[in-house]
Amino acid sequence: MSAARIATPDVRRPVAVLAGQPTSDGAGVKLTRVIGQQRLPDLDPFLMLDEFRSDDAKDYIAGFPDHPHRGFETVTYMLAGRMRHGDNKGNRGLLRPGSVQWMTAGRGIVHSELPEQEDGLMWGFQLWVNLPARDKLCEPRYQEIAPEEIPEVDAAGGGRVRVIAGRFAGTAGPISGVATDPTYLDVALPASGRFAHDLPTAHNAFLYVFEGSVEIGEQKIARGRIAVLSRGDRIEIESREGGRLILLAGEPLGEPVAKYGPFVMNTVEELRQAVEDFQAGRF
Ligand code: MN
């Protein structure tokens, strides 16, 4: 007679907890680089994560004037403030608090992201998600999601979860058709709140705390810190004082990454081609 085996879920643990690095980008926007800094150059398929947060207009007013992208996706999630977006294909949009823009740059766009305000708090995230080699030169695509189109779920344990991409407790987020099958959740926990969620075992995952603090097991993760998570089936989070975080997961591509500023390809030759195409006005 063989002993019965009860499968226990493999709970993901923090393998690194790091603070972001203050820097500036665009025309002088102050921000905190969380992924894409020296200590965390990337986290396949995520290439970059910035948090921008300031109520001093000098820190953001210059915005991000016309600049190109090729070979990946930029994802902007606004928490406060308004950003005007426009590109060289005639697409226009206004990012309001609580909205998401998921832009698949593909073969190339030239766009600008400029504040639609002269004072007040500007707060949000920009995430860069890599595209697989087969999709790097795809047609550009926008998914513009209004705040009211993002479902909010009251979770067991007292949390409130905004589902941007992937699924949570049977609710699917509005973002669709992304190659790396991402999960993007905004999780708010009250004091003494708990949160648990199953994530695909092979996906890379991280969380970034942007209010209060949370604990995973004995490890505390304070505001402004990213926790890179081990592989596993499940994440379990508690919060003694209350906290809010974004939780991201995606399928790693395992392909070579060649980066040059706003271009992310697989080889140096493809980067050279990207610069040449941009300079020749072929975006
Ligand atoms: Mn951009």
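The following refers to the structure shown.

Conventions adopted
- Sequence order as written defines the numbering, with residues in each chain counted from 1.
- For a predicted model such as this one, the threshold for reporting local features is a pLDDT of at least 70, and the threshold for listing and counting side-chain atom pairs is 80 or more; totals across whole chains, interfaces and linings nevertheless cover every residue.
- Here the side-chain values reflect all heavy atoms present in the structure, with hydrogen atoms and water set aside.
- Put simply, DSSP H or I for four residues or longer makes a helix, DSSP E for two residues or longer makes a strand, and each gets a number counted from the N terminus.
- Per-residue accessibility, obtained with a 1.4 Å probe over protein chains only, is compared with the maximum for each type, and a residue is labelled buried under 20%, exposed over 50%, and partly exposed between these values.
- Under this definition, polar contacts are N or O atom pairs within 3.5 Å; protein pairs additionally need one hydrogen-donor-capable and one acceptor-capable atom, and for neighbouring residues in sequence, both atoms have to be side-chain atoms.
- Here a residue-residue contact requires only that any non-hydrogen atoms of the pair lie within 4.5 Å.
- Paired rings are identified among Phe, Tyr and Trp, the last through its six-membered ring, by centres lying within 6.5 Å, and are further divided according to the angle between planes into stacked (under 30 degrees), edge-to-face (over 60) and tilted (the rest).
- For a Lys NZ or an Arg CZ to count as sitting over a ring, it must be within 6 Å of the ring centre and within 35 degrees of the ring normal.
- Salt-bridge detection follows one rule: a side-chain nitrogen of Lys or Arg within 4 Å of a carboxyl oxygen of Asp or Glu.
- In this description, a donor is an N, O or S atom within 2.8 Å of the metal centre, a cutoff extended to 3.2 Å for sodium, potassium and calcium. Water is not part of the atom list, which can make sites seem incomplete.
- The pairing criterion is simple: DSSP has to find at least two bridges between the two strands.
- What counts as an axis is a line fitted to C-alpha atoms, over the stretch in contact for a helix, and the angles between N-to-C directions run from 0 to 180 degrees.

On to the side chain of glutamine 101. By the element assignment, glutamine 101 lies in strand E9 (residues 100–104). Assessed through its relative accessible area of 1%, glutamine 101 is described here as buried. At 3.2 Å, the side chain of glutamine 101 forms a polar contact with the side chain of glutamate 144. Not counting the four nearest positions on each side in its chain, glutamine 101 is found in contact with Thr74, Val75, Thr76, His85, Leu95, Tyr142, Gln143 and Glu144.

Scanning the entire structure with this criterion turns up 10 aromatic pairs. Taking 4.5 Å as the distance between ring centres and 40 degrees as the angle between the ring planes, the aromatic pair formed by phenylalanine 72 and tryptophan 128 counts as tilted. Here phenylalanine 72 is found in strand E6 (residues 72–80), whereas its partner tryptophan 128 is found in strand E11 (residues 122–130), with 56 residues between them in sequence. The class of tryptophan 128 is buried, set by a relative accessible area of 10%. Joined through ring pairs, the aromatic side chains of Trp123, Phe125, Tyr208 and Phe210 make up one cluster. Positioned above the aromatic ring of tryptophan 123 is the side chain of arginine 53, whose terminal nitrogen or guanidinium carbon lies 4.3 Å from the ring centre.

For the bond running from aspartate 44 to proline 45, omega is 10 degrees, close enough to zero to count as cis. Note that proline 45 resides in the loop between strand E3 (29–35) and strand E4 (46–54). In the Ramachandran plot, aspartate 181 falls in the positive-phi region, its phi being about 50 degrees despite a non-glycine side chain. Relative to the helices and strands, aspartate 181 is located in the loop between strand E16 (171–172) and strand E17 (183–189). For aspartate 181, a relative accessible area of 45% gives the class partly exposed. Phi at serine 192 takes a positive value of approximately 65 degrees, unusual for a residue other than glycine.

Moving on: the pattern of salt bridges. Tallying each qualifying case throughout the model produces 21 salt bridges. Residue arginine 160 pairs with glutamate 152 through a salt bridge whose shortest N-O separation is 3.3 Å. Residue classification places glutamate 152 among the partly exposed positions, given a relative accessible area of 47%. Taking the shortest distance from any N to any O, the salt bridge between arginine 194 and glutamate 238 comes out at 3.4 Å. Linking arginine 194 in strand E18 (residues 193–198) with glutamate 238 in strand E22 (residues 234–239), this pair joins segments that are 44 residues apart in sequence. The partly exposed category is assigned to glutamate 238, whose relative accessible area is 35%. Three or more residues are tied together by salt bridges with common partners; here these are Arg70, Glu269, Arg272, Glu276, Asp277 and Arg282.

This next bit is on the side chain of serine 99. Along the chain, the position of serine 99 falls in the loop between strand E8 (92–95) and E9. A polar contact of 2.7 Å, which involves the side chain of serine 99, links it to the backbone oxygen of arginine 96. Leaving out residues up to four positions away in the same chain, serine 99 has contacts with Thr76, Tyr77, Met78, Ile145, Ala146 and Pro147.

The subject of this paragraph is the coordination of the manganese ion. Bound to the manganese ion on the protein side are His67 (NE2), His69 (NE2), His111 (NE2) and Glu113 (OE), at distances that span 2.1 to 2.6 Å. Taken in sequence order, the residues that donate to the manganese ion follow the motif H-x1-H-x41-H-x1-E. With a gap of 44 residues between them, histidine 67 in strand E5 (residues 64–69) and histidine 111 in strand E10 (residues 109–115) connect regions that are remote in the sequence. Each member of the pair, histidine 67 as well as histidine 111, carries the same accessibility label: buried.

Right, let's get into the sheet that holds E11. Read across the open sheet, the seven strands follow the order E2-E3-E4-E11-E6-E9-E12; overall the sheet is antiparallel. Edge strands, defined here as strands with exactly one partner in the open sheet, are strand E2 (21–25) and strand E12 (141–145). The mean angle between the axes of side-by-side strands here comes to 20 degrees, regardless of whether they run parallel or antiparallel. As defined by bridge partners, E6 adjoins E9 across five bridges and the pair is classed as antiparallel. Paired with threonine 76 across the two strands is glutamine 101, which belongs to E9.

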